[in-house]
Amino acid sequence: MPTTLSSVFLPLLSRYATPTPALGALEPKIILKNSRSLHPVSPMYHSISLPVPLRGPLPLFSTLVPNFTIEGESTEIMEFTCEDFKVGKCKGQKLVDGVIMPLVLQPPEESKNSTNDMPSLLLALEKNNDWFKQMIIKNGAVLLRGFNLRNAEDFNDVVQTFRWDHVPYIGPALRTSVFKQIWTANEGPLSETIAFHHEMVLMKPYPEYVMFFCEVPPPEGGETPIGPSCRVAERMMEEFPEAVKEMEEKGLKYTFRVPPQTEALTFIGRSWPEFLGSPDPAEAVKKAKANADIDVEWLPDGSAHLTLAPRPLTMVFEGRKGRKVWFNLIHLMYKKEVASVTMMDGTEIPEKIVRRIEEIIEEESIQFRWEKGDVLFLDNLAVYHGRRPSLPPRKVLVATCKVASV
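Basis of the calculations
- Residues numbered from 1 in each chain as written.
- Predicted model: local features only at pLDDT ≥ 70, side-chain atom pairs only at ≥ 80, totals over all residues.
- Heavy atoms only, no water.
- Helix = DSSP H or I, 4+ residues; strand = E, 2+ residues; numbered from the N terminus.
- Buried < 20%, exposed > 50% of the residue type's maximum accessible area, 1.4 Å probe, protein only.
- Contact = heavy atoms within 4.5 Å.
- Areas by Shrake-Rupley, 256 points an atom, 1.4 Å probe, with all protein chains shown as cover.
- Pairing = 2+ DSSP bridges.
- Axes fitted to C-alpha atoms, helices over the stretch in contact; angles between N-to-C directions.
- Core = buried A, V, L, I, M, F, W, Y, C linked by side-chain atoms within 4.5 Å.
- pLDDT = per-residue confidence, 0-100.
- Salt bridge = Lys/Arg side-chain N within 4 Å of Asp/Glu carboxyl O.
- Parallel < 35°, antiparallel > 145°, perpendicular 65-115°, else oblique.
- Left-handed = near helix turned anticlockwise from the far one by under 90°.
- Polar contact = N/O pair within 3.5 Å; in protein donor to acceptor, adjacent residues only side chain to side chain.

*Asks:* I tried to follow the overall build of the protein chain on my own but got confused; where do I start?
*Replies:* Counting secondary structure elements, the protein chain contains 10 helices and 24 strands. Of all 406 residues assigned to the protein chain, the portion counted as buried reaches 55%. In the protein chain, 73% of the contacts between residues at least 6 apart in sequence involve partners at least 24 apart. For the protein chain, the computed accessible surface area is about 18,100 Å², with 56% contributed by carbon and sulfur atoms.

Have a look at this one:
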């Protein structure tokens, strides 16, 4: 049975730790026998959890570092945290390539009974800003839980501690500005599912980070499931290597019809003046091309017919271990009433491939129940998300930040 204790002071001046310069300061990289990867850990504060088999020198390692956790059969470093956060758990977490998704961070024990943990949270985020960003990239998803955020103003304060630029939403979903950088999430009917996607995946630019805040958790359903896009890409390449290669080489072409007036009872009912940023057709065409690389044609009923091309099938982003991610909306726009997707030259995508994409994305998905005050940070360049149907009420807000560099 593994023993879990709260904190570990590192680095270790032993053969298990090798100091290396990183992030502007001397930081160790923990090098373990039976470990497949190296992860930098700040030298000032730590709790570390490694799922490793109990063999070789590892019992000695846990003796040298008494507050150490050894669990499981993987040989990958799972998670480490600083003194200002306690690693928690939530039902639905999964181990993905050796890391927990989402990583749950809670207040440390001493502030557990605080009626308002916002001041301490903001101080902790300011103090550990770079470390927290590393955790988002490393785990793909980080869930802050138990800090008693109350409203959009609190959420905005959390977002602004990172000093990321705001990426305004461009797209068909109905959303309302709430407070500064904070918007409502998709306002489509709660009874319907929102398919998995990366935020603004077809737009240029798209955000590197997406944050969700649960102000009112639904009584039933309404989860925001997430998943690792690299796993989808790898499984598709394994099952359909020739089709994936063809789509990667040719690129994808999407078309989409946008109504002249907003249609409230749908996920994608935003009018083209809102979508394209201007009620003037000529100005809207210019903005669409300049801001998002979208071509516009006008239909007789006043709708806008948008063409988004070429767009990639997969992407490789800097700092994500060089792995391809499944960065497209084939499953969402395939042969829909108001949308379509083909290869760039017009070649149809076989339906069996689209159905398999849907299955794999669902199989790789992870979901947890929202709790009031939760904040979920996603690496939008590695993790997709969606929405399950729910009973009302449900109020989840969103912020999209930092223009992704490609």
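*Asks:* Sorry if this is basic, but what is going on with the pairing of strand β21 (residues 339-343) here?
*Replies:* Sheet faces and side chains relate simply in a regular strand, where the side chains alternate between the two faces. Counted residue by residue, β21 has four buried out of five residues, so it is predominantly covered. Where strand β16 (residues 252-258) meets β21, five bridges bridge the pair, whose relative direction is antiparallel. Opposite threonine 255, over in β21, you have serine 340 as the bridge partner.

*Asks:* It is not clear to me how the sheet that holds strand β23 (residues 383-387) should be interpreted in this structure. Could you clarify?
*Replies:* Ordered in space as β13-β23-β15, the three strands form an open sheet in which the pairing is antiparallel. Where the open sheet ends on each side, the last strands, each with one partner, are β13 (194-197) and β15 (226-228). The mean inter-strand angle of the sheet, taken between neighbouring strand axes irrespective of direction, is 15 degrees. Along the sheet face, helix α5 (residues 229-239) touches β15 and β23 and points at about 55 degrees away from the line of β15.

*Asks:* Please clarify how the nonpolar core should be interpreted in this entry.
*Replies:* Nonpolar side chains in soluble globular proteins tend to end up buried together. One finds Met236, Tyr254, Phe275, Ile294, Leu306, Ile330 and Ile349 to be the most contacted residues of the largest nonpolar core, which totals 54 residues. No other element matches the five residues that helix α10 (residues 351-363) contributes to this core. Core analysis: the next-biggest nonpolar cluster, separate from the first, contains 31 residues, Trp131, Phe132, Ala152 and Tyr209 among them.

*Asks:* What is the right way to read the confidence of the model for the protein chain from this model?
*Replies:* Any region with low pLDDT has predicted coordinates that should not be read closely. For the protein chain, mean pLDDT is 82; residues scoring 70 or higher make up 78% of the total. Segment residues 1-79 is flagged for pLDDT under 50; beyond a separation of four residues in sequence, or across chains, it makes 166 contacts in the model.

*Asks:* Got a minute to help me understand the environment of alanine 282 in this structure?
*Replies:* Structurally, alanine 282 can be placed in helix α8 (residues 281-292). Assessed through its relative accessible area of 48%, alanine 282 is described here as partly exposed. Spatially, the C-alpha atoms of alanine 282 and valine 296 are 9.9 Å apart, while their sequence positions differ by 14 residues.

*Asks:* I tried to follow the pattern of salt bridges on my own but got confused; where do I start?
*Replies:* If the charged atoms of two oppositely charged side chains come close together, the side chains can form a pair. One pass over the full model with this rule turns up 31 salt bridges. Arginine 323 is paired through a salt bridge with aspartate 97; the nearest N and O atoms lie 2.7 Å apart. Here aspartate 97 lies in the loop between β7 (94-96) and β8 (99-101) and arginine 323 lies in the loop between β19 (314-316) and β20 (324-326), a separation of 226 residues in the sequence. For aspartate 97, a relative accessible area of 34% gives the class partly exposed. Across the pair arginine 355 and glutamate 351 runs a salt bridge, and its minimum N-O distance is 2.9 Å. Placement of both arginine 355 and glutamate 351 in helix α10 is noted, with a separation of four residues, approximately one turn of the helix. The class of arginine 355 is partly exposed, set by a relative accessible area of 30%.

*Asks:* Explain the packing of helix α2 (residues 118-127) against helix α4 (residues 152-160) here, please?
*Replies:* A pair of packed helices is captured by two measures, namely the crossing angle of their axes and the spacing between those axes. Contact pair α2 / α4: the axes reach a minimum separation of 9 Å and the direction vectors enclose 20 degrees. As far as their axial angle goes, α4 and α2 are roughly parallel. Note that α2 runs across α4; the crossing there is right-handed. Where α2 abuts α4, its residues Met118, Leu121, Leu122 and Leu125 lie against Asp154, Asp157 and Val158.

*Asks:* Looking at this structure, I do not really get the side chain of aspartate 84. What am I missing?
*Replies:* Within the secondary structure, aspartate 84 sits in the loop between β5 (79-81) and β6 (86-88). Within the local environment of aspartate 84, its side chain forms a polar contact with the side chain of asparagine 128, the two groups lying 2.9 Å apart. Not counting residues within four places of it along the chain, the set of residues in contact with aspartate 84 comprises Gln106, Pro108, Ala124, Lys127 and Asn128.

*Asks:* When you look at helix α3 (residues 129-139) in this model, what are you seeing that I'm missing?
*Replies:* Note that an α-helix has 3.6 residues per turn; residues three or four places apart therefore point the same way. Residues of α3 that are buried include every one of Asn129, Trp131, Phe132, Met135, Ile136, Lys138 and Asn139, and no others. Within two residues after α3, glycine 140 carries a phi angle of roughly 85 degrees, on the positive side.

*Asks:* Explain α4 to me, please; I cannot follow it from the model alone.
*Replies:* Considered for burial, the residues of α4 that qualify are Ala152, Asp154, Phe155, Asn156, Val158 and Val159. In this fold, the buried residues of α4 make contact with α2, β11 (177-179), β12 (182-184), β14 (207-216), β22 (375-379) and β24 (395-403).

*Asks:* Hey, could you run me through the side chain of serine 271 in this one?
*Replies:* By the secondary structure assignment, serine 271 is in the loop between β16 and α7 (272-276). A relative accessible area of 5% places serine 271 in the buried class. The contacts of serine 271, once residues within four sequence positions are left out, are Val258, Pro259, Pro260, Gln261 and Thr262.

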